[in-house]
Amino acid sequence: MRLVVGRIGRAHGIRGDVAVDVRTDDPDARFAVGAVLQTDPAATGPLKVASTRRHSGRMLVRFEGTADRDAAETLRGTLLMVDSEDIAPLDDPDEFHDHELIGLTAVTTEGTTVGEVEDVLHHAQDVLVITAETGGHEILVPFVAPLVPEVDVAGGRIVLDPPPGLLDLQNTD
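Scoring rules and cut-offs
- Residues numbered from 1 in each chain as written.
- Predicted model: local features only at pLDDT ≥ 70, side-chain atom pairs only at ≥ 80, totals over all residues.
- Heavy atoms only, no water.
- Core = buried A, V, L, I, M, F, W, Y, C linked by side-chain atoms within 4.5 Å.
- Buried < 20%, exposed > 50% of the residue type's maximum accessible area, 1.4 Å probe, protein only.
- Helix = DSSP H or I, 4+ residues; strand = E, 2+ residues; numbered from the N terminus.
- Contact = heavy atoms within 4.5 Å.
- Salt bridge = Lys/Arg side-chain N within 4 Å of Asp/Glu carboxyl O.

Asks: Would you take a moment to explain the nonpolar core for this structure?
Replies: In a soluble, globular protein the nonpolar side chains are often hidden away together inside. Membership of the largest hydrophobic core comes to 18 residues, with the highest contact counts inside it found for L128, I130, V141, V148, I158 and L160. Of all the secondary structure elements, the ones that give two or more residues to this core are β8 (113-122), β9 (126-132), β10 (138-142) and β12 (157-160). Not counting residues within four places of it along the chain, the set of residues in contact with L160 comprises A106, V107, T108, T109, V114, I130, V141, L147, V148, P149 and L167. In terms of nonpolar packing, the next biggest core, distinct from the first, is built from 17 residues, V5, I8, A11 and L47 among them.

Rendered as structure tokens:
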């Protein structure tokens, strides 16, 4: 699975630097000099990082082969991606990368299948977006230990212990 780690913005200066909208929790590793990033559209890449620096709170990146402003401007809007296999596992057994959760089957503590995790939202509270097995509607479950007491990535499932009504709130067709 490919994961988006950034989006190329406008060119900066005349030497080929571009501003990057960072979408990763580890920009130093993802945009390290020598890192190779896949792209969308695929024809634009892969791109190899030649240099990085911070300027006014933004990350500026120069890619090999991008020597001037005109070349940098052609990259604008390109998504930068890495393969999920290239991302090291987290040290904390209670923390997960989004791609590890997406696709897991959600079941209740009683063993009833609820649906499949489609996305993870990161707002004030992390929230699992589950597509219901019955009806296909969207169920939003706060990703906290009392509601999600078990995550079994290897087994392909998460266990939910929802309070009464949580799973029914979304089923108001």
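Having seen the structure, we can now continue with the description.
Asks: I keep staring at the pattern of salt bridges and nothing clicks. Help me out?
Replies: In a structure, side chains of opposite charge can pair up when their charged atoms sit close to one another. Considering all chains together, one arrives at five salt bridges under this definition. Of the charged contacts in the structure, one is a salt bridge between R53 and D17, with a shortest N-O distance of 3.0 Å. Of this pair, R53 sits in strand β4 (residues 47-55) while D17 is found in strand β2 (residues 17-22), placing the two residues 36 residues apart along the sequence. Residue classification places D17 among the buried residues on the basis of a relative accessible area of 4%. For the salt bridge of R157 with E150, the shortest nitrogen-to-oxygen distance reads 3.3 Å. In this structure E150 comes out as partly exposed when scored by relative accessible area, which is 32%. Bridged by salt links that share partners, the residues D17, R53 and R62 form one connected network.

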